Amino acid sequence: MIGSVRELATAECASLLELIETLTPDQWAAPSLCAGWTVRDVVAHHFSYDMLTPVQTARRVAAGLRYPGGPNALGIEHLGRLSNEELVETVRRHLDPRGIVTAFGCRVALTDSMHHQQDIRRPLGLTRTIPVERIVPALNFSIWAPPIRGVVHGRGVRLIADDLDWAFGRGPEVHGPGEAVLMALGGRGDALRDLTGPGRDRLARNLGVRL
């Protein structure tokens, strides 16, 4: 039976934990899909908001307005003093979504965790099959969630997940695995290598990628 979105988000975070428990020091220090961020930075960023109260979140956002890199850089710096092992233990203690990531019925937590896990896996060549019950809600949320801007990234094309009963948009078609479609909606140009179809060039322009 498919669980609630919170349960799906917790399961996705647990999957991310399983991944980072296996990383070598070189993999922790490797570049991620997020420009300028290492794998370690992505993990630190992803969990840096979970431990904040609403007031603390507001303070970080306000402080980030005056800080190079903004609030996200502050979060990474806050957890930067931890060793890799301590960071893994921090993740282990924060599998159940808390704080700002519980917004939209925990869809932020689910989708963010999925995007960021793939931000780590893709550069490292560590593929996986994402359970259908998790990826479909993440695809749907990615379309209209303001920070993700999926509707902007996918404008002018019809995105079709060949391995799922899922499609979105109008225009020339772009086909591929649901995971690649999800990453394209999230603005990741790396996904284009797994996508095909007459709309691929238009999608690349949307993502700011020159083919």
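Residues numbered from 1 in each chain as written. Predicted model: local features only at pLDDT ≥ 70, side-chain atom pairs only at ≥ 80, totals over all residues. Heavy atoms only, no water.

Let's shift gears to the domain arrangement of the protein. Here the protein is described as being made up of domain 1 (5–99) and domain 2 (132–206). Each of domain 1 and domain 2 has a C-alpha centre, and these two points are 25 Å apart. On the side of domain 2, six residues touch domain 1, which itself brings six residues to the contact. Linking domain 1 with domain 2 are one salt bridge. Note that E12 is salt-bridged to R134, the shortest N-O span being 2.9 Å. Linking domain 1 with domain 2 are one residue pair in polar contact (both at pLDDT 80 or more). A per-class count over the side of domain 1 that touches domain 2 returns four nonpolar, one polar and one charged. (Domains from an automatic or database assignment. Contact = heavy atoms within 4.5 Å. Salt bridge = Lys/Arg side-chain N within 4 Å of Asp/Glu carboxyl O. Polar contact = N/O pair within 3.5 Å; in protein donor to acceptor, adjacent residues only side chain to side chain. Nonpolar A, V, L, I, M, F, W, Y, C, P; charged D, E, K, R; others polar.)

Along the chain, L33 falls in the loop between α2 (25–28) and α3 (39–47). Spatially, the C-alpha atoms of L33 and R149 are 17 Å apart, while their sequence positions differ by 116 residues. (Helix = DSSP H or I, 4+ residues; strand = E, 2+ residues; numbered from the N terminus.)

A few words on unusual backbone geometry. If you check the backbone angles, F104 has positive phi at about 55° while not being a glycine. Following the sequence through the fold, F104 ends up in helix α7 (residues 103–124). Judged by relative accessible area, F104 falls into the partly exposed class, the value being 44%. Backbone geometry at C106 places phi at a positive 70°, although glycine is not the residue there. Structurally, C106 can be placed in helix α7. With relative accessibility at 3%, the residue C106 sits in the buried group. (Buried < 20%, exposed > 50% of the residue type's maximum accessible area, 1.4 Å probe, protein only.)

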